[in-house]
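The chain contents come next:
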Amino acid sequence: MVHWTAEEKQLIASVWSKVNVEECGAEALARLLIVYPWTQRFFASFGNLSSPTAIIGNPKVRAHGRKVLTSFGEAVKNLDNIKATYAKLSELHCEKLHVDPENFRLLGDILIIVLASHFARDFTPACQFAWQKLVSVVAHALARKYH
Amino acid sequence: MLTAADKKLIQQVWEKVLGHQEDFGAEALERMFITYPQTKTYFPHFDLHHGSDHIRGHGKKVVTALGNSVKSLDNLSQALSKLSNLHAYNLRVDPVNFKLLSQCFQVVLAVHLGNSYTPEVHAAFDKFLSAVAAVLAEKYR
């Protein structure tokens with residue numbers, strides 16, 4: 001089980017309470033597809049991904065980004081039980097979606113940069129530490145049921 | 001591969017770093033030591049307290065080297081040759097750490113540039129730092 005200090009929990013909750021899940025999720029997913037274009041391989045059905053502008057404006061990208069970040073919120077609500085929280089999603093990503101878990105790490109790092117750009121100085125080094133730990137734990141939980 | 005468009009974006013971003021080299025460098029290193037404590041193993045001889053002269057001095061050094069790279073985007077191998085030797089034969093920093101510093105440096109840029117750190121700029125800069133890391137690791141074996 002992951003150990004979280006009271007300070008880490010507080011930093012995570014405090015940032016999360018100010019996150020606009022729809023905007024942030026859309027931005028994070030768009031940046032993933034732009035910065036690491038090979039990740040577009042999973043989204044052939046999303047239509048126009050031909051340029052950064054197209055990706056940012058793509059309604060399917062926005063919707064899916066929101067879905068992904070909403071799911072991320074489950075981790076924030078269940079910090080002491082992240083493994084169980086993502087057990088089913090882990091199986092799904094392995095058996096149906098066939099997503100290389102490296103992509104979870106890439107998205108996690110992108111999310112950190114999105115948070116940094118929104119929260120600026122409030123995204124302190126201590127904040128970054130707590131959040132990098134969180135995205136790493138989530139990535140690990142999502143990869144856990146792979147076989 | 002850095003495209004012409006990437007190079008332009010990198011140079012534009014760098015305009016905003018000029019004048020803040022020491023601050024940005026120190027902040028990136030500090031974030032790296034806090035976020036990824038294992039990176040401190042390469043600096044047992046440093047005072048790692050917030051704002052220490054060691055961190056400020058080293059931060060400035062790192063960002064100055066990046067600045068030289070920005071001026072030589074067409075020939076990174078040559079521009080970084082000495083540093084490449086240094087990392088391969090003396091420092092022998094495991095290359096996985098270049099990615100960690102890259103992440104922290106990009107966080108610093110995102111913090112200070114906000115919306116100006118657009119997805120296009122982010123992509124170009126990530127590519128640039130990957131290219132620098134690749135050159136630094138070139139002679140490892």
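Values in this document were obtained by computation on a predicted structure and should not be read as measured data. Residue numbers run consecutively from 1 along every chain, following the written order of its sequence. Note on labels: chains are lettered from A, ligands numbered from 1, in written order. Residue-level local features of this predicted model are given only where pLDDT is at least 70; pairs of side-chain atoms are given and counted only at 80 or more, and the full residue set underlies all totals for whole chains, interfaces and linings. The basis for the side-chain values is all heavy atoms of the structure; hydrogens and waters are excluded.

1. Focus on the overall build of chain B
What counts, and what does not: Runs of E in the DSSP output that reach at least two residues are strands. Runs of H or I that reach at least four are helices, and both are numbered from the N terminus. In this description the radius of gyration comes from C-alpha coordinates, and the expected globular size is given by 2.2 Å times residues to the power 0.38. Buried means the residue's accessible area, taken with a 1.4 Å probe over protein chains only, is under 20% of the maximum for its type, while exposed means over 50%, and partly exposed covers the values in between. In what follows, residue pairs with any heavy atoms lying within 4.5 Å of each other are defined as contacts. The positive count covers Lys and Arg only, the negative count covers Asp and Glu only, and His and the chain ends enter neither. A charge is said to be at NZ when it belongs to Lys, at CZ for Arg, at CG for Asp and at CD for Glu.
Secondary structure assignment for chain B yields 7 helices and 0 strands. For chain B, the succession of helices and strands along the chain, N to C, is α-α-α-α-α-α-α. Over its C-alpha trace chain B gives a radius of gyration of 14 Å, about what one expects of a compact globule, namely 14 Å for 141 residues. Counting only C-alpha atoms, chain B reaches 40 × 35 × 20 Å along its principal axes. In chain B, buried positions account for 46% of the 141 residues. In chain B, the share of contacts with a sequence separation of at least 24, taken over all contacts with a separation of at least 6, comes to 77%. Side chains of chain B give 15 positive and 13 negative charges; the mean places of these two sets differ by 5 Å.

2. Examining the confidence of the model for chain B
Selection rule: Each residue gets a pLDDT score, which is the predictor's confidence in that residue and runs from 0 to 100.
Summarising the model, chain B shows a mean pLDDT of 96, and 100% of its residues fall at 70 or more. Across the interfaces of the predicted complex, the ipTM metric reaches 0.84, alongside a pTM of 0.90.

3. Focus on the packing of aromatic side chains
The relation between two aromatic rings is expressed through the spacing of the ring centres and the mutual angle of the planes. Put simply, the rule is: Working definition: rings of Phe, Tyr and Trp (its six-membered ring) pair if their centres are within 6.5 Å, and the pair is stacked with planes under 30 degrees apart, edge-to-face with planes over 60 apart, and tilted otherwise. The criterion is that NZ of a Lys, or CZ of an Arg, lies within 6 Å of the ring centre and within 35 degrees of the ring normal, and then a charge sits over that ring.
The tally for this structure, following the rule as stated, stands at 12 aromatic pairs over all chains. Ring centres 6.2 Å apart and planes at 25 degrees place the aromatic pair A:W16 and A:W131 in the stacked group. Of the two residues, A:W16 is situated in helix α1 (residues 6–17) and A:W131 in helix α8 (residues 125–143); the sequence distance between them amounts to 115 residues. Judged by relative accessible area, A:W16 falls into the buried class, the value being 18%. A relative accessible area of 0% means that A:W131 is categorised as buried. For the pair A:F43 and A:F46, a centre-to-centre distance of 4.9 Å together with 50 degrees between the ring planes defines the contact as tilted. By the burial criterion, A:F43 is buried, and A:F46 matches it. Grouped by ring-pair contacts, the aromatic residues B:W14, B:F105, B:F125 and B:F128 constitute a single cluster. Sitting above the plane of the A:F42 ring, A:R41 keeps its charged end 4.9 Å from the centroid. When the ring centre of A:W4 is taken as reference, the NZ or CZ atom of A:K133 above it lies at 4.8 Å.

4. Quick look at the nonpolar core
Spelled out, the test is: Throughout, nonpolar core names a set of buried Ala, Val, Leu, Ile, Met, Phe, Trp, Tyr and Cys residues whose side chains join them through atoms within 4.5 Å.
Of all hydrophobic cores here, the largest spans 82 residues; its most connected members are A:I82, A:W131, A:L134, B:F105, B:F125 and B:F128. Residues contacting A:I82, with those up to four places away along its chain left out, are A:W4, A:A75, A:L134, A:V137, A:V138 and A:A141. Among the nonpolar cores identified, the runner-up in size contains 10 residues, and B:Y36, B:F43, B:F46 and B:L100 belong to it.

5. Section: the state of the cysteines
Operational definition: By definition, disulfides here are pairs of cysteine sulfur atoms that lie within 2.5 Å.
A complete count under the given rule lists 0 disulfides over all chains for this structure. Left unpaired, A:C127 is separated from the closest cysteine sulfur, that of A:C24, by 13 Å. Not engaged in a disulfide, the cysteine B:C104 finds its nearest cysteine sulfur in A:C127; these two sulfurs lie 14 Å apart. Residue classification places B:C104 among the buried residues on the basis of a relative accessible area of 0%.

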